[in-house]
Amino acid sequence: MNSEGHDGFRHHRLPDTALWTPGPHALTPAVERVLRTYRATYSHRSAEFKNVYARAVSLLRDAFHISEGFTPLVFGHTASYNWEMVAVNTPTGYGALGLDMGAFSARWSGVFERLGRSIEVLNVPWGQGIQPGTWRNALRRGYDVALLTHNETATGVMLPVDALCEDARRLAPEMLVAIDGVSIAGAVEVDIGSMRPDYYLWSLQKDFAIPAIGSVMIVSERAVEAAENTPRRGYVLDLIEWHARAADGQTPVTVSDLVLRCLIARLEEMLDEGEGRFDRHRNLARMQRDWAGKHGLDLLAQPAFYSPTVTTILMPDSIPAAEFVHAAKNLLNVQIAPGYGPMQDTAIRIAAMGSTSESEMERFLAGLSQIIGNWAANRPALAPAARRQVAT
């Protein structure tokens with residue numbers, strides 16, 4: 001696209017490059033400040049580290065309403081490790097219930113399968129969520145642990161995990177419930193004391209907008225008891241080791257204090273914004289859905305399961321998704337994502353995470369309207385670069 005083409009979008013183009021993919025996501029102001037000023041001044045075995053760890057845990061308890069009997073653990077690895085952590089810290093004889101409603105929920109079930117664990121998987125068409133009757137019938141079959149995905153990043157589907165946990169407590173009270181909240185934690189109200197899952201885990205690069213690799217998992221006393229009855233837990237993923245060290249503000253293997261400082265800054269930022277951040281995320285996602293409807297584009301997610309953080313929009317046959325994503329970056333200075341897996345060429349995904357404002361989203365969506373309204377004229381300049389991008 002030549003300079004004249006860029007000039008035609010200058011009113012909609014964001015001044016700074018915005019990373020609005022479903023993760024990693026654009027940094028928030030608080031996280032940026034930590035990264036600009038960070039200096040390593042103490043070791044990970046010092047009293048200073050313990051104080052920073054304790055501060056992070058205290059803020060997590062406030063933000064996620066973590067009651068006694070539940071322990072937040074902070075890791076220096078991505079939450080994908082914690083999928084496996086759930087598996088290796090439950091007895092091998094446990095029967096597991098998995099869920100396949102998109103690429104990432106399926107991958108968690110796949111972790112159990114690779115470890116030779118007994119697991120049955122509920123298959124749900126992409127774009128749909130698990131129906132209450134289906135879930136309740138599954139619970140009556142009797143499982144020891146169930147894997148739920150709060151928000152499927154590949155499809156933009158959010159599950160009503162509060163209601164699903166309530167059903168589990170009523171129909172299968174001995175069953176452990178593990179929830180992956182990776183692409184929604186921080187964007188919606190999560191009350192651990194009320195919901196009472198045994199594991200609630202997420203990575204820090206999405207709504208928390210922290211680029212340093214890290215994750216959090218909140219565990220119940222029941223999860224710790226299950227681990228105590230599980231031999232051969234290894235070391236790096238041994239829940240007992242992590243839980244015991246956390247009681248002293250420590251970790252078995254090094255977790256960078258940069259992760260903790262970023263986590264503290266982001267949690268303080270979230271708590272300062274208060275419940276308004278939940279409204280903002282809902283508004284951002286609604287704006288994206290309204291934009292799709294305005295242009296006659298279908299959404300992948302069904303209305304009952306709309307996500308407040310990821311919107312997956314199906315593109316018409318005349319507009320290849322990869323080329324449209326490239327146009328948004330080239331003309332509007334915003335990086336969004338194509339569809340995931342089999343939908344890479346047919347859908348786009350726009351995130352509503354971090355500190356993105358409604359005014360920024362409105363400006364961007366107006367620019368997208370200009371792109372889609374003039375696609376035939378823009379495509380010759382955009383298509384070659386887009387094809388090169390997909391090939392890399």
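The shown structure was predicted, so the numbers you read here are calculated from the model rather than taken from an experiment.

Definitions and cut-offs
Residues numbered from 1 in each chain as written. Predicted model: local features only at pLDDT ≥ 70, side-chain atom pairs only at ≥ 80, totals over all residues. Heavy atoms only, no water. Buried < 20%, exposed > 50% of the residue type's maximum accessible area, 1.4 Å probe, protein only. Helix = DSSP H or I, 4+ residues; strand = E, 2+ residues; numbered from the N terminus. Arc of directions from axis to C-beta. Contact = heavy atoms within 4.5 Å. Salt bridge = Lys/Arg side-chain N within 4 Å of Asp/Glu carboxyl O. Pairing = 2+ DSSP bridges. Axes fitted to C-alpha atoms, helices over the stretch in contact; angles between N-to-C directions. pLDDT = per-residue confidence, 0-100. Parallel < 35°, antiparallel > 145°, perpendicular 65-115°, else oblique. Left-handed = near helix turned anticlockwise from the far one by under 90°. Nonpolar A, V, L, I, M, F, W, Y, C, P; charged D, E, K, R; others polar.

**Student:** Describe helix H2 (residues 29–37), naming the residues involved and giving the relevant values.
**Tutor:** When we look at burial in H2, the residues that qualify are Ala-30, Val-31 and Val-34. The buried residues of H2 occupy one face: seen down the axis, they fall within an arc of 100 degrees. Looking at the buried positions of H2, the neighbouring elements they touch are helix H11 (257–273).

**Student:** Give a description of the pattern of salt bridges that names residues and reports values.
**Tutor:** If you walk through the whole model with that rule in mind, you get 13 salt bridges. With a shortest N-O distance of 3.2 Å, Asp-167 and Arg-136 are connected by a salt bridge. Highlighted residues: Asp-167 in helix H7 (residues 161–171) and Arg-136 in helix H6 (residues 132–141), separated in sequence by 31 residues. By relative accessible area, Asp-167 is classed as buried at 7%. Salt-bridge contacts for Asp-238 lead to Arg-233; the nearest nitrogen and oxygen are separated by 2.5 Å.

**Student:** Describe the sheet that holds strand S4 (residues 118–123), and please don't skip the residues or the numbers.
**Tutor:** As a general point, the strands of a sheet are linked pairwise by backbone hydrogen bonds and lie either parallel or antiparallel. Spatial strand order, S2-S10-S9-S8-S5-S3-S4: 7 strands in an open sheet with mixed pairing. Single-partner strands in this sheet number two, and they are strand S2 (70–75) and S4. Looking at each pair of strands side by side, their axes are set apart by 20 degrees on average, direction ignored. Contacting S2, strand S9 (199–203) and strand S10 (215–220), helix H3 (residues 47–63) crosses the sheet at an angle of about 130 degrees to S2. Against the sheet, helix H4 (residues 80–88) engages S2, strand S5 (145–149), strand S8 (176–180), S9 and S10, with an angle of about 25 degrees to S10.

**Student:** Lay out the confidence of the model for the chain with the relevant residues and their values.
**Tutor:** In the predicted model, the chain carries a mean pLDDT of 94, and 95% of its residues have values of at least 70. Across residues 387–392, confidence stays below pLDDT 50; counting only partners more than four residues off in sequence or on other chains, it has 6 contacts.

**Student:** I'd like to hear about the sheet that holds strand S14 (residues 347–351), residue by residue, with values.
**Tutor:** With antiparallel pairing, the 3 strands of this open sheet are ordered in space as S11-S14-S13. Whereas interior strands pair on both sides, the edge strands pair on one side only; in this sheet they are strand S11 (310–314) and strand S13 (337–338). In terms of strand pairing, S13 meets S14 through 2 bridges, oriented antiparallel. Following the sheet pairing, Pro-338 is matched in S14 by Ile-348. Against the sheet, helix H13 (residues 321–332) engages S13 and S14, with an angle of about 35 degrees to S14.

**Student:** Mind laying out the packing of H13 against helix H14 (residues 358–373), listing which residues take part and the relevant values?
**Tutor:** Here H13 crosses H14 at 120 degrees, and the two axes come no closer than 10 Å. With respect to each other, H13 and H14 are oriented oblique. Crossing geometry of H13 relative to H14 is assigned as right-handed. Contacts between H13 and H14 involve Phe-324, Ala-327, Ala-328, Leu-331 and Leu-332 from the first element and Phe-364, Gly-367, Leu-368, Ile-371 and Ile-372 from the second. Taken together, the residues of the contact of H13 with H14 break down into 9 nonpolar, 1 polar and no charged.

**Student:** Account for the environment of Glu-362, naming residues and giving values.
**Tutor:** Examined against the element boundaries, Glu-362 turns out to sit in helix H14. Each C-alpha atom, one on Glu-362 and one on Trp-291, is 9.5 Å from the other, the two residues being 71 residues apart in sequence.

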